[in-house]
Number of protein chains: 2
Amino acid sequence: MCGVRATSVCNAIEDAHLGRLAAVAVTIEADPGKAFIEEGESADNFFNITAGTAKLFKLLPDGRRQITGFAGAGHFLGLAVSDTYAFSAEAVDKVRYCRFSRRRLRGLLDDFPAMEKRLLELATNELVAAQEQMLLLGRKTALERLASFLVVRSRLGGPCTPRRTRVTLPMTRSDIADYLGLTIETVSRTMTKLRADKLIELPGPHDVVLRDLANLERIAGGLM
Amino acid sequence: MCGVRATSVCNAIEDAHLGRLAAVAVTIEADPGKAFIEEGESADNFFNITAGTAKLFKLLPDGRRQITGFAGAGHFLGLAVSDTYAFSAEAVDKVRYCRFSRRRLRGLLDDFPAMEKRLLELATNELVAAQEQMLLLGRKTALERLASFLVVRSRLGGPCTPRRTRVTLPMTRSDIADYLGLTIETVSRTMTKLRADKLIELPGPHDVVLRDLANLERIAGGLM
DNA sequence: CGAGCAATTGAGACAAGTCAAAGCTGGTGG
DNA sequence: CCACCAGCTTTGACTTGTCTCAATTGCTCG
């Protein structure tokens with residue numbers, strides 16, 4: 001039950017009705033930096049990431065940015081109650097995704113309640129992650145935020161897969177900062193501190209080796 | 001379409017199948033301070049608030065608390081993917097709520113896909129609110145956070161009802177602080193500043209009169 | 001090899017936190 | 001009926017974690 005396909009929207013119907021899904025889906029590639037959802041625009045499409053990583057974010061008028069999440073393979077974007085998107089999305093690295101017409105998807109949902117069920121499950125998952133992120137943003141220190149981020153990254157691919165001690169961060173320091181509610185400089189300094197404390201190694205800006213996962217998890221949980 | 005019943009879980013089935021829902025629901029009253037969901041405990045029940053206000057929160061081991069939301073009449077609690085709750089809930093004032101067995105609700109959902117649809121809509125709404133709160137916690141100043149809080153409170157009861165210029169805050173300063181990622185003292189000082197700037201009046205600690213909603217909204221949106 | 005961007009490091013500033021002391025207020029019992 | 005207590009809120013003085021501004025280093029790719 002673990003792995004990318006288990007968390008995919010398509011999963012619930014792919015098995016039974018692959019054909020009808022394929023008929024309304026368009027596969028698209030987006031290069032790094034390419035924006036494919038703009039906050040406030042008409043929410044006509046659903047998206048399902050199949051490769052790469054996208055960042056989801058909201059902006060304030062003066063340019064302050066909060067990244068609300070990173071969406072990897074299997075992630076699903078575009079749930080919206082109102083008829084406009086509540087956030088923007090941009091490719092971090094090379095991203096491949098399926099695009100569905102929202103109108104047509106509605107028809108599919110009526111025919112296949114199982115897919116509705118799956119969507120609810122996904123939304124619930126997102127909600128739990130969002131609450132965890134609120135705890136991080138509202139109450140954790142810079143050190144705890146970065147440790148949390150690295151620990152979560154080490155568990156990508158589901159709670160069942162073994163944790164990776166080598167983590168790849170496709171995003172920039174600026175993205176990490178905007179995700180953790182910090183500045184670039186604080187992210188950089190905190191990375192350096194974690195390295196000085198022998199908790200991680202930094203072979204390059206986009207690679208982190210977690211040398212002491214147990215202590216990183218302690219810090220992430222708020223036990224300095 | 002606006003009002004409490006429109007955002008209630010029950011709504012989708014009440015009209016058609018009120019009987020079966022009532023059969024599995026238990027109505028309960030909780031006094032202020034009473035905890036009725038504990039993070040980490042077995043998620044056996046769903047809850048639907050029908051009166052009063054509850055606070056939902058997560059704790060760190062050292063006692064730091066993040067309130068992830070306030071749930072008023074019509075709100076729905078207990079969505080969980082895993083079999084344990086991801087947050088705790090406690091009554092702010094006198095709360096009345098319906099409790100459903102999760103196991104039995106599952107049966108209802110299978111029979112009434114419309115209810116599943118309604119739940120997805122609710123979860124999506126929550127998700128949008130959660131993203132907005134992440135922006136607040138990660139990127140807004142104390143003044144912007146409090147202004148945002150007051151503006152949202154003035155719109156309780158849905159986007160369709162006229163905004164109230166008199167807002168009642170059933171929760172304490174400590175609750176507001178833990179919701180906005182601030183301290184009690186900062187909340188208090190910021191309230192005082194808003195009053196000094198003639199944006200609000202404070203007849204009592206639990207009542208606020210919004211004297212200049214337009215400017216409060218400007219501040220809330222990040223335009224200091 | 002150098003231009004351009006990302007990341008790191010440093011020094012000083014400031015928003016919000018901490019610690020401490022009054023004020024207020026609502027409920028209770030003498 | 002009112003004084004007192006306990007808890008909440010406000011205000012004040014000081015500290016600090018993180019931000020801002022600025023300079024330097026390192027990497028990637030024409």
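The residue numbers shown here count from 1 along each chain, following its written sequence. As a convention, the first chain written is A and the first ligand written is 1, with the rest following in written order. Whole-chain, interface and lining totals are the exception, using all residues; otherwise, since this is a predicted model, local features are given only for residues with pLDDT of at least 70 and side-chain atom pairs are given and counted only at 80 or more. With hydrogens and water stripped out, all remaining heavy atoms of the structure feed into the side-chain values.

1. Overview of the overall build of chain A
Thinking step 1. A tally of helices and strands in chain A yields seven helices and eleven strands.
Thinking step 2. Each residue gets one of three labels from its accessible area relative to the maximum for its type: buried under 20%, exposed over 50%, partly exposed in between, using a 1.4 Å probe on protein chains only. In chain A, which comprises 224 residues, the proportion classed as buried is 51%.
Thinking step 3. The contact rule is simple, with two residues in contact once any of their heavy atoms fall within 4.5 Å. Of the contacts made within chain A by residues no fewer than 6 positions apart, 71% connect residues no fewer than 24 positions apart. What counts as a helix is a DSSP run of H or I of at least four residues, what counts as a strand is a run of E of at least two, and both are numbered from the N terminus.

2. Points about the protein's contact with DNA strand D
Thinking step 1. The cutoff for a nearby residue is simple: one of its non-hydrogen atoms must lie within 4 Å of the molecule or strand. What surrounds DNA strand D is a group of 18 residues, the closest being E185, T186 and R189 of chain A together with R173 and T192 of chain B.
Thinking step 2. By atom count, sugar and phosphate contribute 62% of the portion of DNA strand D lying within 4 Å of the protein.
Thinking step 3. N or O atoms within 3.5 Å of each other form a polar contact, as long as, within protein, one can give a hydrogen and the other can take it, and as long as residues adjacent in sequence are counted only when both atoms are side-chain atoms. Taking E185 of chain A, its side chain carries an N or O atom lying 2.8 Å from a base nitrogen of DNA strand D.
Thinking step 4. Within the side chain of R173 of chain B, one N or O atom sits 2.8 Å away from a phosphate oxygen of DNA strand D.
Thinking step 5. Only Asp, Glu, Lys and Arg are considered charged in this grouping, and only Ala, Val, Leu, Ile, Met, Phe, Trp, Tyr, Cys and Pro are considered nonpolar; every other residue, Gly among them, is considered polar. Grouping the constituent residues of the surface near DNA strand D by class yields four nonpolar, eight polar and six charged.

3. Quick notes on helix α7 (residues 213–220) of chain B
Residues and elements named next belong to chain B.
Thinking step 1. Every buried residue of α7 is accounted for by L213, L216, I219 and A220. Around the axis of α7, the buried residues are gathered within 120° of arc, so they sit on the same side.
Thinking step 2. Along its buried surface, α7 packs onto α4 (142–154), α6 (184–196), β10 (200–204) and β11 (207–210).
Thinking step 3. Directly after α7, the chain includes G222, whose backbone phi takes a positive value near 100°. Our arc is simply the arc of the directions from the helix axis toward the C-beta atoms.

4. Concerning the relation of the copies chain B and chain A
Thinking step 1. To superpose the copies, least squares is applied to the C-alpha atoms of every residue with a pLDDT of at least 70 in both. In the superposition of chain B on chain A (RMSD 0.0 Å, axial shift 0.0 Å), the rotation amounts to 180°. Seen this way, the second copy is the image of the first under a two-fold rotation axis.
Thinking step 2. Of all interface residues in chain B, 100% are interface residues in chain A too; the two copies therefore contact each other through one and the same surface.

5. A few points about the protein's contact with DNA strand C
Thinking step 1. The immediate surroundings of DNA strand C are formed by 18 residues, with R173, S188, R189 and T192 of chain A together with T186 of chain B found nearest.
Thinking step 2. Among the atoms of DNA strand C lying within 4 Å of the protein, the sugar-phosphate backbone contributes 63%.
Thinking step 3. Interatomic distance of 2.5 Å between a side-chain N/O atom of T186 of chain B and a phosphate oxygen of DNA strand C.
Thinking step 4. Elements represented by at least two residues in the surface near DNA strand C include exactly α6 (184–196) of chain A together with α6 of chain B.
Thinking step 5. Considering every element that reaches the surface near DNA strand C, the biggest residue donor is α6 of chain A, with six residues.
Thinking step 6. Taken together, the residues of the surface near DNA strand C break down into four nonpolar, eight polar and six charged.

6. Structural notes on the sheet that holds β11 of chain B
All names here are of chain B.
Thinking step 1. The strand order across the open sheet built from three strands is β9-β11-β10, with neighbouring strands paired in antiparallel fashion. Unpaired on one side and paired on the other, β9 (166–168) and β10 mark the two borders of the sheet. On average, adjacent strands in this sheet sit at an angle of 25° to one another, irrespective of strand direction.
Thinking step 2. Here the rule is simple: two strands pair whenever DSSP picks up at least two bridges between them. Relative to β11, β9 is paired through three bridges, and the arrangement is antiparallel. In the strand pairing of β11, T168 is matched with D207.
Thinking step 3. To get an axis, fit a line to the C-alpha atoms, keeping to the stretch in contact for a helix; angles then go from 0 to 180 degrees between the N-to-C directions. Against the sheet, α4 engages β9, β10 and β11, with an angle of about 100° to β9.

7. Thoughts on the domain arrangement of chain A
Residue and element names in this part refer to chain A.
Thinking step 1. What marks off one domain from the next here is an automatic or database domain assignment. Under the domain assignment used here, chain A contains domain 1 (5–138) and domain 2 (140–220).
Thinking step 2. Computed from C-alpha atoms alone, the centre-to-centre distance between domain 1 and domain 2 is 25 Å.
Thinking step 3. Taken together, the 16 residues of domain 1 in the interface contact 13 residues of domain 2.
Thinking step 4. Summed over both partners, the accessible area (1.4 Å probe) lost when two parts come together is defined as the buried area. Buried area between domain 1 and domain 2, both sides added, is near 1200 Å², and the carbon and sulfur share of it is 54%.

8. A few points about the sheet that holds strand β8 (residues 95–101) of chain A
All names here are of chain A.
Thinking step 1. Taken together, four strands build an open sheet; the order of strands is β1-β8-β3-β6 and the sheet is antiparallel. At either margin of the open sheet sits one strand with a lone partner, and together these are β1 (25–30) and β6 (76–77).
Thinking step 2. Inspection of the sheet shows strand β3 (residues 45–51) paired to β6 by two bridges, in the antiparallel sense. Within the sheet, the bridge partner assigned to F47 lies in β6 and is L77.
Thinking step 3. On top of the sheet, helix α2 (residues 102–111) reaches β3 and β8; it is set at about 70° to β8, its chief contact.

9. As for the interface of chain B and chain A
Thinking step 1. In this complex, chain B contributes 45 residues to the contact, which on the side of chain A involves 45 residues.
Thinking step 2. Note on chain B versus chain A: buried area summed over both sides is about 4200 Å², and carbon and sulfur give 67% of it.
Thinking step 3. By convention in these notes, a salt bridge is any Lys or Arg side-chain nitrogen within 4 Å of a carboxyl oxygen on Asp or Glu. Applying the counting rule to chain B against chain A returns ten salt bridges.
Thinking step 4. For K117 of chain A, the salt bridge goes to D110 of chain B, with nearest N and O atoms at 2.4 Å.
Thinking step 5. If you look at where chain B meets chain A, you find 18 residue pairs in polar contact (both at pLDDT 80 or more).
Thinking step 6. Looking at the side of chain B that touches chain A, the elements that each hand over two or more residues are β5 (65–71), α3 (113–139) and α5 (173–180) of chain B.

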